[in-house]
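# Descriptive analysis of the structure
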Amino acid sequence: MDGYESTRRDFLKKLGLIATTTAVAASGFAQVENLISNKKEEFPLTPEQRNFMVKYEKWLEEFHDMAKFQKIDADHLDNNKKLVALSEEAKTWQHEIIEHMKDDNFARYYMIVTEKVTTTI
């Protein structure tokens, strides 16, 4: 594993995507590719889940922009600080994600929404 891959893996661990992926796997989803190919509108959410996803999608958009910028300038201090702050913010609601992931509709919806940022990283 080269230095880039090691840094990338550490970053993803901090973000909590590994824990979330584990939650998806524990929910019984063996083929993530099939989940991502669906439209999120096909998976109805509870009002609580919708409120969470509004917050998460806003966070994800900001994170996505920062991650794209990091690919252009990995040494940009302000951008890296923002990425760390966003990662810290994500830690505060990891438990909530894991609880929501117990619902198949939420898990599918979440994976569809998250695909954009994971392809960037």
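Residues numbered from 1 in each chain as written. Predicted model: local features only at pLDDT ≥ 70, side-chain atom pairs only at ≥ 80, totals over all residues. Heavy atoms only, no water.

### Observations concerning helix α4 (residues 47-72)
Helical geometry note: an α-helix holds 3.6 residues per turn, so side chains three or four residues apart project in the same direction. Put simply, the rule is: Secondary structure elements are taken from DSSP: a helix is a run of H or I of four residues or more, a strand is a run of E of two residues or more, and numbering for both begins at the N terminus. Under the convention used throughout, the expected extent of a helix is 1.5 Å for every residue step, that is, one less than its residue count. Any residue under 20% of the maximum accessible area for its type is buried, any over 50% is exposed, and the rest in between are partly exposed; the area is computed with a 1.4 Å probe on protein chains only.
A rise of 1.5 Å per residue sets the reference length of α4, with its 26 residues, at 38 Å; its end C-alpha atoms lie 38 Å apart and thus fit the reference within 8%. Along α4, the residues classified as buried are Q49, F52, M53, Y56, W59, L60, F63, H64, M66 and A67.

### Considerations on the packing of aromatic side chains
To keep things clear, this is the line we draw: The criterion for an aromatic pair is that two Phe, Tyr or Trp rings (for Trp, the six-membered ring) have centres within 6.5 Å, with stacked assigned to planes under 30 degrees apart, edge-to-face to planes over 60 apart and tilted to the rest.
One pass over the structure, following the stated rule, counts 9 aromatic pairs. Taking the centre distance of 6.1 Å and the plane angle of 55 degrees together, the rings of F52 and F106 count as tilted. Remark: F106 occurs in helix α7 (residues 104-120) and F52 occurs in helix α4; sequence separation between them is 54 residues. The burial state of F52 is the same as that of F106; both residues are buried.

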